[in-house]
2 protein chains.
Amino acid sequence: MTMLKSPLQEARQAYQPKMPVALTGNVQLVEGQATESVADQEQIKALFPNTYGMPVITLEPGASAGNQQTADTFNVGVILSGGQAPGGHNVICGLFDGLQRINPNNKLYGFKGGPSGLIEHDYVELTAKVIDEYRNTGGFDIIGSGRTKLEETWQFDKGIEICQKLGIKAIVIIGGDDSNTNACVLAEYYLQKQCGIQVIGCPKTIDGDLKNEFIETSFGFDTACKTYSELIGNIQRDANSACKYWHFIRLMGRSASHIALECALQSQPNVCLISEEVEAKNMTLNDVVNQIAAVIVARANAGLNFGTVLIPEGLIEFIPAMRVLIQELNDLLANNEEFTALEGDDAKREYVKNMLTPASCELYRSLPKGIARQLTLDRDPHGNVMVSQIETEKLLIEMVSKRLAQLKAAGEYKGKFSSINHFFGYEGRCAIPSNFDADYCYSLGMTATQLIAAGKTGYMAVVRNLAQPHTEWIAGGCPITMMMNMEHRNGKMKPVIQKALVRLDGAPFLFLEQHRAEWADANTSYIYPGPIQYYGPTEVCDQPTKTLKLEHPM
Amino acid sequence: MTMLKSPLQEARQAYQPKMPVALTGNVQLVEGQATESVADQEQIKALFPNTYGMPVITLEPGASAGNQQTADTFNVGVILSGGQAPGGHNVICGLFDGLQRINPNNKLYGFKGGPSGLIEHDYVELTAKVIDEYRNTGGFDIIGSGRTKLEETWQFDKGIEICQKLGIKAIVIIGGDDSNTNACVLAEYYLQKQCGIQVIGCPKTIDGDLKNEFIETSFGFDTACKTYSELIGNIQRDANSACKYWHFIRLMGRSASHIALECALQSQPNVCLISEEVEAKNMTLNDVVNQIAAVIVARANAGLNFGTVLIPEGLIEFIPAMRVLIQELNDLLANNEEFTALEGDDAKREYVKNMLTPASCELYRSLPKGIARQLTLDRDPHGNVMVSQIETEKLLIEMVSKRLAQLKAAGEYKGKFSSINHFFGYEGRCAIPSNFDADYCYSLGMTATQLIAAGKTGYMAVVRNLAQPHTEWIAGGCPITMMMNMEHRNGKMKPVIQKALVRLDGAPFLFLEQHRAEWADANTSYIYPGPIQYYGPTEVCDQPTKTLKLEHPM
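Quick caveat, the model's predicted, so the values are computed rather than measured.

Reading the values: rules and limits
- Residues numbered from 1 in each chain as written.
- Chains lettered and ligands numbered in written order.
- Predicted model: local features only at pLDDT ≥ 70, side-chain atom pairs only at ≥ 80, totals over all residues.
- Heavy atoms only, no water.
- Helix = DSSP H or I, 4+ residues; strand = E, 2+ residues; numbered from the N terminus.
- Rg over C-alpha atoms; globule rule 2.2 N^0.38 Å.
- Buried < 20%, exposed > 50% of the residue type's maximum accessible area, 1.4 Å probe, protein only.
- Areas by Shrake-Rupley, 256 points an atom, 1.4 Å probe, with all protein chains shown as cover.
- Lys, Arg positive; Asp, Glu negative; His and termini not counted.
- Charge placed at Lys NZ, Arg CZ, Asp CG, Glu CD.
- Patch = residues over 30% accessible without salt bridge, like charges linked within 9 Å, V, L, I, M, F, W, Y side chains within 5 Å.
- Salt bridge = Lys/Arg side-chain N within 4 Å of Asp/Glu carboxyl O.
- 1 Å grid on protein atoms, 1.4 Å probe; cavity = no way out; pocket = protein on both sides within 12 Å on 5 of 7 lines; lining within 4 Å.
- Points joined across faces, edges and corners; volume = space filled by probe spheres on them.
- Nonpolar A, V, L, I, M, F, W, Y, C, P; charged D, E, K, R; others polar.
- Phe/Tyr/Trp six-rings, centres within 6.5 Å; stacked < 30°, edge-to-face > 60°.
- Pairing = 2+ DSSP bridges.
- Polar contact = N/O pair within 3.5 Å; in protein donor to acceptor, adjacent residues only side chain to side chain.
- Contact = heavy atoms within 4.5 Å.
- Least-squares fit on C-alpha atoms with pLDDT ≥ 70 in both.
- Axes fitted to C-alpha atoms, helices over the stretch in contact; angles between N-to-C directions.
- Buried area = accessible area lost by both parts, 1.4 Å probe.
- Core = buried A, V, L, I, M, F, W, Y, C linked by side-chain atoms within 4.5 Å.
- Parallel < 35°, antiparallel > 145°, perpendicular 65-115°, else oblique.
- pLDDT = per-residue confidence, 0-100.
- Expected span 1.5 Å × (residues − 1).

**Student:** A description of the overall build of chain A should follow, citing residues and the corresponding values.
**Tutor:** Across its full length, chain A holds 23 helices and 15 strands. Its C-alpha atoms give chain A a radius of gyration of 25 Å, near enough to 24 Å, the size a compact globule of 554 residues would have. Every one of the 554 residues in chain A was classed for burial, and the buried ones make up 62%. Roughly 20600 Å² of accessible area belongs to chain A as shown, and the carbon and sulfur atoms make up 49% of that amount. Positive and negative side-chain charges in chain A, numbering 49 and 62 respectively, have mean positions lying 4 Å apart.

Here it is as structure tokens:
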């Protein structure tokens, strides 16, 4: 059955992604100085004796035919790991086209359903016919994704089996910080085993928290933020037209607040909470509630009983007292048969209250019933609170509403408070990639083939200078070990890529800080980004995120 | 303070809406035969002695200068009524440009905050400077909107006062079926009073339920449906990539299921409920639940534990037994002090159970707790159930989940069911209008000025032949009385414009009916519409809705 397509799907198939100049013709690899990990150098070096200290690589235009034209035939396997991000298909298309350019007999295999495809030998050959169906499309459906972690040697050995069977010279893992850490562990293992299989990573995640000196942004962040900002802008125009609702909008993004911050820069809401700031200032839940209520009161005094509040998904865990409460609940309720045996919500609530420390008990009592219920009863299979399921936007609405009622009773608030809640996440993870993400991802795939052809392993494909026009982009490779440090994970010290939270001394946050009082008070400072445009004026179609521009000024 | 704008906002300001040929030069009005109302002719005629039976008007290119060039100066007042819809600003821009073309000294006034602005004499002059800020933008923020109903003669008389003061010759009311009914009542009253003030209506509503032989579609429906379809498509791509979630998506649209149906035609989900069908087939809530569960089971048997379900906002009221229950609750609880005095949810629930008829009691008992609570406790100021606030998507998830558990226990279902719920409404009501809505609305505004200049009143501005390219569009006017019949409202018979529900013998529904089994079962039949495009190939940027195309084939 042929897939029915929308007109935009049809039109996008013909789009030719833009690339750094170095990738358009012959390529040469230029190696820089030896590198060090960002911290814990001795430990990282000991864990990665073969992949530690490798040089940063830059791809430059080659004067004559480079290594890629003289290569023998070789095959590559690709894996999509973790949550979807717009542009994943284009990384694969770039890989395919890069391989074909080096040698038309090269083959690309896709391991299906994430890393488990490698272990279970579940794969498909990605032919030109397949690839052409997926050019410039959203989603990870070409081969699917999954969350199996590649951590154990028996998994790695299963990988060797299938790679040897298929003549696979290199595995490309498209994933976030953890998946790239695992890619490096795999690369190291394969070097130790001298099995000749290379491993290359690609920086994926809409959350924007895989970012450092060499990775300016992870792919998908651009498209996801633009999609959410479209919706936020539409809602703001509605708020400003109806003049009667406060919209509380929670945004995906896991721990880091990059998405909320970028959306705020794009749409200029009345309030945008930043989890990292809440933690740094040691704010309580009441502090957060009071801060929102203060903006609502001030606007009501100006006759403006409407507005928007952006809430990062991870907020609740960054409120120190909440984190303690959640930890106590996890410790208390995991595998607690006495608790499980209790009948009725009330009995369970009472049980919990009696077991918590006084401070946590007080906080627990102050929470709206529905949220207390979510914390106590809705638990994952390990008995842990499912933090990402907590409807923080509803929690805040309920608490702000209560606070406003108190202020009204005290004569300090004369407005009307009606609210509507939203949560955006799945709406943007598989959007059709923006030109930026389409170009960036395709370039990452092309870059990966060059690193593979040159025999590199333990590298992440990177493209830098992204705030500039694509003609100024710089492609290359970065040793994964140099992004690592040692962190506590599940009771052990592990080598991991540092997760990038929002920096309170970074230009994007400083911009928010500088303007938010004005955005809070003004009749409206709203910006309406509108939907992502793929055609039309370049200032409409080819702009990177505000975050990227602020972090990398001209 | 100057408004900061997004690049797309900037670019859209320069867009020149496309118009029917007749509106581009000199215009002449051609009158057809006398008309009749769609039903209850005698009663409508008696209620509207002055505006009944007027001819349909078509605007045609004028060979020489028509009436518009010879007109004296005159002013117009405009009102936005009810919920926001993309394109409202362009109706006003079309009005302004039309007035200016007739005589540059003509003025346009906007009554602020909806019909109450007319009554309270709250207005603003819409100058070229103001108008230019709002060209091709979403929202109703240029003058705001409101839901005050124009129904009483003292309101009409307040209108005369301000119109005479401002030299206003005509009032344009941009609204839905009720607002246009009221526009006609106002027109009739002003004729009876011989005060010389004309009234013209414009067909607005994203819900698509203001539709008849002369109004092919209300404005805003196109943009809103395309925005929701963008999101549904993105979610489907996510569902199809992650392969582990069923997404239950409720869509705004009030009683009628036009929005859900159009979104289904655009995105081809696994299930799309149509309220009108549920009612026609006299389905129970359990029937609906079983129907969804059957699709989930069939897909699980094929290894597909994911999918999408579209749910029209009005569903709950179209399930006959639910309607009876809601009616009983309304009768029972409105101003019931005994009930209000009861303490605790449980006591209230018991009270209700004892008072309901056996059938309603059984249904009430079968509902998930949270929903029963919403029905019993969350009531509007008149004591009525707030139907639009009921989270039908969560209700269905809970009941489907229960049903699947039964099927699993019986060995008839082996899949895994995880669900995510969404509600889309505010995300699309103020989107930047599509080219279609921008063009259509601007043409409606231009058309209204021609009807005004010709001295017409009690007409709705209409543009027809909309499924064809704009060069084939036909502008004109339609007497509002011809769309009316008598209906029961709040215990009285009233003249109203017939609300257009989804016709089960109409081409859009028949298309759904013909294809839905295939959409339910296929690995994926999903279409991914992507975001609205304003630039680029015409097949991407200038397509009307599928509903319009199916209802008006070439």
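**Student:** So, a positive patch on the surface: which residues are in play, and what are the values?
**Tutor:** A surface patch of positive charge is lined by R147, K149 and R254 of chain A together with K244, K408 and K416 of chain B. With respect to the helices and strands, the residue K149 of chain A is situated in the loop between α6 (128-134) and α7 (153-166).

**Student:** Describe unusual backbone geometry, listing the residues and the values that go with them.
**Tutor:** Residue and element names in this part refer to chain A. Unusually for a residue other than glycine, Q194 sits at a positive phi of about 50°. For Q194, the location among the structural elements is in the loop between α8 (177-192) and β7 (198-203). We classify Q194 as exposed; its relative accessible area is 71%. Residue C243 is not a glycine yet carries a positive backbone phi of 55°.

**Student:** Pulling in residues and values, what's your account of empty space enclosed by the protein?
**Tutor:** All names here are of chain A. The tally for this structure, following the rule as stated, stands at six cavities of 30 Å³ or more. A volume near 50 Å³ is recorded for the largest cavity. Residue lining of the largest cavity: G208, K211, E216, T217, F221, H258, T545, T547, L548 and E551, and that is the complete set. Among the elements that take part in the lining of the largest cavity, helix α23 (residues 546-551) stands out by supplying three residues, more than any other. Among the residues making up the lining of the largest cavity, the classes are represented as two nonpolar, five polar and three charged.

**Student:** Describe in detail the packing of aromatic side chains, supporting the description with residues and values.
**Tutor:** The full count for this structure, using the stated rule, is 18 aromatic pairs over all chains. Both rings, one in F511 of chain A and one in W519 of chain A, keep their centres 6.5 Å apart while their planes meet at 50°; by these two values the pair is tilted. The exposure class assigned to F511 of chain A is partly exposed, which follows from its relative accessible area of 28%. Aromatic pair Y109 of chain B and Y123 of chain B: ring centres 5.8 Å apart, planes at 85°, arrangement edge-to-face. A residue pair is termed long-range when its members are at least 10 positions apart, and Y109 of chain B in strand β4 (residues 107-111) and Y123 of chain B in strand β5 (residues 123-125) qualify at 14 residues. Taking the relative accessible area as the measure of exposure, Y123 of chain B reaches 28% and is therefore partly exposed.

**Student:** Quick one: what's the story with the pattern of salt bridges, residue by residue and with numbers?
**Tutor:** Between side chains of opposite charge, a pair can form as their charged atoms come close. Applying the stated criterion to the full structure yields 48 salt bridges over all chains. Between R323 of chain A and E279 of chain A there is a salt bridge, with its nearest N and O atoms 2.8 Å apart. With a gap of 44 residues between them, R323 of chain A in helix α14 (residues 320-333) and E279 of chain A in helix α11 (residues 275-280) connect regions that are remote in the sequence. For the salt bridge of E277 of chain B with R516 of chain B, the shortest nitrogen-to-oxygen distance reads 2.6 Å. Taken together, the residues E277 of chain B in helix α11 (residues 275-280) and R516 of chain B in helix α21 (residues 507-521) connect sequence positions 239 residues apart. Each member of the salt-bridge network shares a partner with another, and the members are E391 and K394 of chain A together with E391 and K394 of chain B.

**Student:** Mind laying out the pairing of strand β12 (residues 459-464) of chain A, listing which residues take part and the relevant values?
**Tutor:** Residues and elements named next belong to chain A. For β12, the buried fraction is high: five of the six residues fall into the buried class. Sheet analysis places β7 next to β12, joined by two bridges and oriented parallel. Bridge pairing in β12 places G201 opposite M460. As paired strands, β12 and strand β13 (residues 474-479) are joined by six bridges and run antiparallel to one another. Each residue of the ladder has a partner; that of Y459, found in β13, is P479.

**Student:** I'd like a description of the side chain of D209 of chain B, backed by residues and values.
**Tutor:** All names here are of chain B. As for its placement among the helices and strands, D209 is situated in the loop between β7 (198-203) and α9 (221-242). A distance of 3.3 Å separates polar atoms of two side chains, one belonging to D209 and the other to K499. Residues contacting D209, with those up to four places away along its chain left out, are A256, H258, Q498, K499 and A500.

**Student:** Outline the relation of the copies chain B and chain A, listing residues and values.
**Tutor:** When chain B is fitted to chain A, the best match, at an RMSD of 0.1 Å, comes from turning it 180° and sliding it 0.0 Å along the axis. What we have between these two chains is a two-fold relation. In this assembly the copies share their binding face: 100% of the residues contributing to the interface of chain B also contribute to that of chain A.

**Student:** Report on the sheet that holds strand β11 (residues 419-424) of chain A, specifying residues and quantitative values.
**Tutor:** All names here are of chain A. Spatial strand order, β9-β10-β8-β11: four strands in an open sheet with parallel pairing. In the strand order of this sheet, the two ends are held by β9 (271-272) and β11, each with one partner. Relative to β11, strand β8 (residues 246-251) runs parallel, the two sharing six bridges. By the bridge assignment, F248 is partnered in β11 with N421. Across the sheet, helix α9 (residues 221-242) lies against β8, β10 (307-312) and β11, angled at about 170° from β8, the strand it touches most.

**Student:** Give me the lowdown on the interface of chain B and chain A, citing residues and values where you can.
**Tutor:** With 61 residues of chain B at the contact, the number on the chain A side is 61 residues. Between chain B and chain A, roughly 4600 Å² of surface is buried when both sides are summed, and carbon and sulfur atoms account for 56% of that area. Note that R237 of chain A and D141 of chain B form a salt bridge whose closest N and O atoms lie 2.9 Å from each other. Where chain B packs against chain A, one counts 26 residue pairs in polar contact (both at pLDDT 80 or more). Contributions of two or more residues to the side of chain B that touches chain A are made by α1 (7-13), α9, β11 (419-424) and α22 (538-541) of chain B. The element that contributes the greatest number of residues to the side of chain B that touches chain A is α9 of chain B, accounting for ten residues. Here the side of chain B that touches chain A is composed, by residue class, of 28 nonpolar, 21 polar and twelve charged.

**Student:** If you had to explain the sheet that holds strand β3 (residues 75-80) of chain B to someone new, which residues and values would you point to?
**Tutor:** Residues and elements named next belong to chain B. The sheet built from nine strands is open, its strands ordered β1-β2-β13-β12-β7-β6-β3-β4-β5 with mixed pairing. A strand with exactly one partner marks an edge of an open sheet, and here the two such strands are β1 (27-31) and β5. Pairwise comparison of adjacent strand axes, ignoring direction, gives a mean angle of 30° for this sheet. In this structure, strand β6 (residues 168-175) lies alongside β7, joined through six bridges in parallel fashion. By the bridge assignment for β7, G175 is matched with P203.

**Student:** Give me the lowdown on the environment of Y364 of chain B, citing residues and values where you can.
**Tutor:** Along the polypeptide, Y364 of chain B turns up in helix α17 (residues 358-366). Along the primary structure Y364 of chain B and L325 of chain B are separated by 39 residues, whereas in three dimensions their C-alpha atoms are 7.6 Å apart.

**Student:** Tell me about the nonpolar core, residues and numbers included.
**Tutor:** I92, L108 and L251 of chain A together with I92 and L251 of chain B are the most contacted members of the largest nonpolar core, which totals 154 residues. Residue contacts for L251 of chain B: discarding those within four places in its chain leaves Y228, I232, I259, A260, C263, L310, I311, P312, E313, F423 and F424 of chain B.

**Student:** Describe in detail the packing of helix α16 (residues 345-355) of chain B against helix α18 (residues 369-377) of chain B, supporting the description with residues and values.
**Tutor:** The description of two packed helices rests on the angle between their axes and on the distance between the axes. Residue and element names in this part refer to chain B. Taken N-terminus to C-terminus, the directions of α16 and α18 make an angle of 75°; their axes are 11 Å apart at the nearest point. Classified by the angle their axes make, α16 and α18 are roughly perpendicular. Judged by residue contacts, D345, K348, R349 and V352 of α16 engage K369, R373, T376 and L377 from α18. Looking at the contact of α16 with α18 residue by residue, the classes come out as two nonpolar, one polar and five charged.

**Student:** With reference to specific residues and values, describe the confidence of the model for chain A.
**Tutor:** Residue-level pLDDT values for chain A average 94, and 98% of them are 70 or greater. Overall fold confidence (pTM) sits at 0.96, and the ipTM for the predicted complex is 0.96.

**Student:** How would you sum up the side chain of T376 of chain B? Please name residues and give values.
**Tutor:** Examined against the element boundaries, T376 of chain B turns out to sit in helix α18. Within the structure, the side chain of T376 of chain B is placed 2.5 Å from the backbone oxygen of A372 of chain B, a separation counted as a polar contact.

**Student:** So what about α8 of chain A? Which residues, and what values?
**Tutor:** Residue and element names in this part refer to chain A. Compared with an ideal rise of 1.5 Å per residue, which puts 16 residues at 22 Å, α8 spans 23 Å between its outermost C-alpha atoms and is within 8% of the ideal. Burial analysis of α8 places twelve of its 16 residues in the buried class, which makes it a mostly covered element. Among the residues of α8, those classed as buried are D177, S179, N180, T181, N182, A183, C184, L186, A187, E188, Y189 and Y190. At the exit of α8 stands Q194, carrying a positive phi of roughly 50°.

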